Structures are given as structure tokens and as C-alpha cells.
Amino acid sequence: MSPALRLLAPAAVLFGLALPTYGQSDAGSAETYRQLLSDAIAALDSAEWSHWAYTETEIDTDGVFVGRFDPSRPRRERWTLQSVNDRTPTRDEIEAYLDEKAGDNGWADEDDGESDAILDMIESEGLELVEETDTYLLFRFVPDEEELEEGFAEYMDATLRISKSGGPWLEYVDIHSNGMFSPQFGVRVRDFAMRMSFGPAVEERPIVPRSLEVKISIRAFLVINVDEHVVISYSDYARVGL
């Protein structure tokens, strides 16, 4: 896993939210909004996610890697590497991929305990309704300092959007820096952005992860440069029997 994805690991395991329908008059405070999110997450049956296989396409500086996750297979055989840069993978590439995926049980890892990760990202009273239309609700929130690298949160603009189409569900979570900043002495962050999107697996339900994009550009002590841009997409969801 790249350093950029390790940074966002707590956020990257969100499954999606099924919120009750409500209007602006029903939610007059950030605490009310937060409670609605909390109730939705508590109602999420994470065990259901273990019935879905999907294709994962990761694009980073090493190339384009397409793999398939199937939770119905034995634990050590759930990941298969299908292609690398649009060609058949070599034996070494397959071995490296499987080593990287060892212990990775997909979005529905029952041991992660991360179904409430979205709440962990939001400061206690930092959720604000920005806009509500007939089709969505747009919220601004304050990222929790503990869920990002130290010193990052105050320089971030963060939003999430909930769709009302076919029953409310989380469309995306977006966190990005609002300019160059220095979170600590000797470290300058030129760019930081993370966006997670969600959508229906089939027809209207269930809501599943659709993509994760992370960009980070850092220079530290004039000698260390980190430039990461990783895009992961999730497609071809199929229900499998266990």
C-alpha cells in the first residue's frame, strides 16, 4: 500500500450510509446531523458486504493493476491479479500482488471495526448543512485532527454529499487543502486531496464504494520529496454465495 493510502486508511473502509429521509426543519444543528449519521451507521449490516465480489483497478506511479476480490473463496485465495498495464501479469507480479494483499479482506473486513469511520473524521460540532435540494444534501465538516496527519486539519476544506435519489445514500466525501501549508517545522505540503465516492452496486441498492482518489505532494527538510497520486476504482459488483 502506498504512503498516501496508509494516511487515509481509516477513511478508505467506508461502506456507504442509508440515511432516513428528512428536511431542513428536521435537522437544525450539527449535533442533529451527526446523530442522523450515527444512527445510519449503526443500522448498517456490515455482514451483508461479505456477499459481494468486485473488481479493483488501481492506477499509480507503478502502472495500472486490475484485480478481483471474491469473498466466497478461501481467505488466502480471495484476490486474483487479472492484468498489469493491459497485459497478462508475470509470475513475479502475481506473487508481489498477492503478498501485498495478504491479510486484505476487502471492504467488508469484519475485524476492522471501521463502519463508523466517517464519524471519527468529523469534529464533535463541526458538521454544517450547506445546501439542500430535491436531489441531495451537501454538508461541510471539520476533519478530526486525529484522523489525518498531525497539523493537517486546519488547512483542509471538507464536504460530503448525500443523495436523496432512491432513498438517501452517501455520494462522496471530499477533503482537500486550501493552499500550500507547513504542518510542522521543515515540512511543506504543496497539495493534498482525497475523494471517496459511492453508488449502487446493482440497480438502486446496496450502496457500495465506487472510487478512492488520493493526491499528496510534500517536501521535507529540503531533501525529501513525496509526490503520490493514486486512483482506485471499484466495479463489476456481483453477489456471491458463501
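As the structure is a computational prediction, the values presented were derived from the model and not from experiment.

> For this particular structure, what's the right way to read the side chain of threonine 55?
In this fold, threonine 55 is placed in strand β1 (residues 52-60). Given the relative accessible area of 7%, threonine 55 is considered buried. At a separation of 2.8 Å, a polar atom in the side chain of threonine 55 contacts the side chain of arginine 68. Beyond its immediate sequence surroundings of up to four residues, threonine 55 is in contact with Val66, Gly67, Arg68, Gln82, Ser233, Tyr234, Ser235 and Asp236.

> What should I look at first to understand the packing of aromatic side chains in this one?
Throughout the structure, instances matching the rule amount to 10 aromatic pairs. Each ring, one from phenylalanine 152 and one from phenylalanine 192, has its centre 5.6 Å from the other, and the planes form 90 degrees; the classification is edge-to-face. Remark: phenylalanine 192 occurs in strand β9 (residues 187-200) and phenylalanine 152 occurs in the loop between β5 (136-143) and β6 (156-163); sequence separation between them is 40 residues. These aromatic residues form a ring-pair network of at least three members: Tyr54, Phe69, Trp79, Tyr97, Tyr234 and Tyr237. Positioned over the ring face of tyrosine 136 is arginine 161, at 4.0 Å from the centre of the ring. For arginine 195, the ring lying beneath its charged end belongs to tyrosine 172, and the centroid distance is 3.9 Å.

> Whenever I open this one, the pairing of β6 confuses me. Can you help?
A regular strand places its side chains so that they alternate between the two faces of the sheet. Note: β5 against β6, five bridges, orientation antiparallel. The partner of leucine 137 across the bridge, within β6, is isoleucine 162. Of the strand pairs in this sheet, β6 and strand β7 (residues 169-177) are connected by eight bridges, and their pairing is antiparallel. Note that in β7 the partner of isoleucine 162 across the bridge is leucine 170.

> Hey, could you run me through a nonpolar patch on the surface in this one?
Together, Phe185, Phe221, Leu222, Val223 and Ile224 make up a nonpolar patch on the protein surface, roughly 640 Å² of accessible area in all. On the secondary structure map, phenylalanine 221 appears in the loop between β10 (207-220) and β11 (224-239).

> Sorry if this is basic, but what is going on with the pattern of salt bridges here?
A side chain with one charge may pair with a side chain of the opposite charge, provided their charged atoms come close. Tallied over the entire structure, the rule returns eight salt bridges. Of the charged contacts, one joins arginine 73 and glutamate 77 as a salt bridge, the two residues approaching to 3.4 Å between their closest N and O atoms. As a salt-bridge pair, arginine 140 and glutamate 128 come within 3.1 Å of each other at their nearest N and O atoms. Of this pair, arginine 140 sits in strand β5 while glutamate 128 sits in strand β4 (residues 122-132); the two residues are 12 residues apart in sequence, bridging distant segments of the chain. Judged by its relative accessible area of 39%, arginine 140 is partly exposed. Classification of glutamate 128 by relative accessible area gives partly exposed; the value is 40%.

> Hey, could you run me through the nonpolar core in this one?
Judged by nonpolar contacts, the single largest core of 30 residues is most densely connected at Phe139, Phe152, Leu160, Ile175 and Phe192. For isoleucine 175, the residues in contact, after removing those within four places along its chain, are Met121, Phe141, Pro143, Met156, Asp157, Ala158, Phe192, Ala193 and Met194.

> I keep staring at the pairing of β1 and nothing clicks. Help me out?
The buried fraction of β1 amounts to eight of the nine residues, a majority that puts the element mostly inside the structure. The sheet contact formed by β1 and β11 spans seven bridges and is antiparallel. Following the sheet pairing, tryptophan 52 is matched in β11 by arginine 239. Taken together, β1 and the strand that follows it, strand β2 (residues 63-69), pair antiparallel across an intervening segment of two residues.

Rules and cut-offs
Residues numbered from 1 in each chain as written. Predicted model: local features only at pLDDT ≥ 70, side-chain atom pairs only at ≥ 80, totals over all residues. Heavy atoms only, no water. Helix = DSSP H or I, 4+ residues; strand = E, 2+ residues; numbered from the N terminus. Buried < 20%, exposed > 50% of the residue type's maximum accessible area, 1.4 Å probe, protein only. Polar contact = N/O pair within 3.5 Å; in protein donor to acceptor, adjacent residues only side chain to side chain. Contact = heavy atoms within 4.5 Å. Phe/Tyr/Trp six-rings, centres within 6.5 Å; stacked < 30°, edge-to-face > 60°. Lys NZ or Arg CZ within 6 Å of the ring centre and 35° of its normal. Pairing = 2+ DSSP bridges. Patch = residues over 30% accessible without salt bridge, like charges linked within 9 Å, V, L, I, M, F, W, Y side chains within 5 Å. Areas by Shrake-Rupley, 256 points an atom, 1.4 Å probe, with all protein chains shown as cover. Salt bridge = Lys/Arg side-chain N within 4 Å of Asp/Glu carboxyl O. Core = buried A, V, L, I, M, F, W, Y, C linked by side-chain atoms within 4.5 Å.

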